[in-house]
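What the coordinates show
Given next are the chains, with one letter for each unit.
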Amino acid sequence: MLKTEWVLASSEAPNPVVPHIPELILGFVAFLLLLWVMKKYVVPRFEAAYEERAQKIEGGIEKAEKAQAEAEEALAQYRAQLAEARSEAAKIRDDARLEAEQIKAELRAEAEAESQRIVAAGQAQLQAQKAQIVAELRADMGRNAVELASRIVGESLEDEARRRGTVDRFLAELETSSANGASIGAGK
């Protein structure tokens, strides 16, 4: 009876711990089918996506390297242009200094020439004024000398030719006596 009870008990309620063989076979077939579908459709798509992403990354790295090389080249060009601009600026400064020195020298020469011209004009004007004053003084002295001489001598020295000769002789004697006095004074 025990045996029948056990058979009856075993047929009546299945054991939840022990799986049924048809379920196991069906689960195994479904698992194999799932693996086959994944291998056939899912894995190639994942691999394609992985390959595409790897190529994008590699392409991005190549683009970044190219961009970095271009940036370094542009930086080198910029530095070369900057150095060229600095040297050109230095050259322009030096040229400006030289030009300023030339202009200063030209202005100085012009000012000196103008100064010499003004001095020469002033000296010429002084000489002309001196000659005019000397002529006026001679005429005045001549008149005064003739008048004094006519008073002393008592005769008229109104004759122009006589008067000039007398005045000229008097002034010549005055000049020689003043020149001798100046040379004697200079000799002392």
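Here we summarise the structure given alongside this text. (Residues numbered from 1 in each chain as written. Predicted model: local features only at pLDDT ≥ 70, side-chain atom pairs only at ≥ 80, totals over all residues. Heavy atoms only, no water.)

**Concerning the overall build of the protein**
Put simply, the rule reads: Numbering goes from the N terminus for both helices and strands, where a helix is a DSSP run of H or I of at least four residues and a strand is a run of E of at least two. Per-residue accessibility, obtained with a 1.4 Å probe over protein chains only, is compared with the maximum for each type, and a residue is labelled buried under 20%, exposed over 50%, and partly exposed between these values. Using a 1.4 Å probe, accessible areas were evaluated by the Shrake-Rupley method; residue-level cover was limited to the displayed protein chains.
The secondary structure content of the protein amounts to three helices and zero strands. Mapped in sequence order, the helices and strands of the protein form the string α-α-α. Relative to its 188 residues, the protein shows a buried fraction of 3%. Accessible surface, the protein as shown: approximately 16800 Å² in total, 61% of it carbon and sulfur.

**Examining the pattern of salt bridges**
This is how the line gets drawn: Salt bridges are counted wherever a side-chain nitrogen of Lys or Arg sits within 4 Å of a carboxyl oxygen of Asp or Glu.
Throughout the structure, instances matching the rule amount to four salt bridges. Put simply, K56 and E52 hold a salt bridge, and the shortest N to O gap is 3.5 Å. Taken as a pair, K56 and E52 lie in helix α2 (residues 21-153) at a separation of four residues, close to a single helical turn. For E52, a relative accessible area of 45% translates into the label partly exposed. We note a salt bridge from R117 to E114, for which the minimum N-O separation is 2.4 Å.

**Overview of a negative patch on the surface**
The condition is simple: Put simply, a patch holds well-exposed residues, over 30% relative accessible area, that have no salt bridge, with like charges counted together within 9 Å and Val, Leu, Ile, Met, Phe, Trp or Tyr side chains within 5 Å. Positive charges come from Lys and Arg alone, negative charges from Asp and Glu alone, with His and the N- and C-terminal ends not counted. Charged groups are reduced to one reference atom each: NZ for lysine, CZ for arginine, CG for aspartic acid, CD for glutamic acid.
A cluster of like negative charges, contributed by E47, E51, E58, E62 and E65, occupies part of the molecular surface. Mapped onto the fold, E51 is located in helix α2.

**A few points about the environment of T166**
As for its placement among the helices and strands, T166 is situated in helix α3 (residues 160-187). Residue classification places T166 among the partly exposed residues on the basis of a relative accessible area of 29%. The sequence separation of T166 and V146 amounts to 20 residues, and the corresponding C-alpha distance is 7.9 Å.

Function cannot be read off these values alone, since they describe shape.
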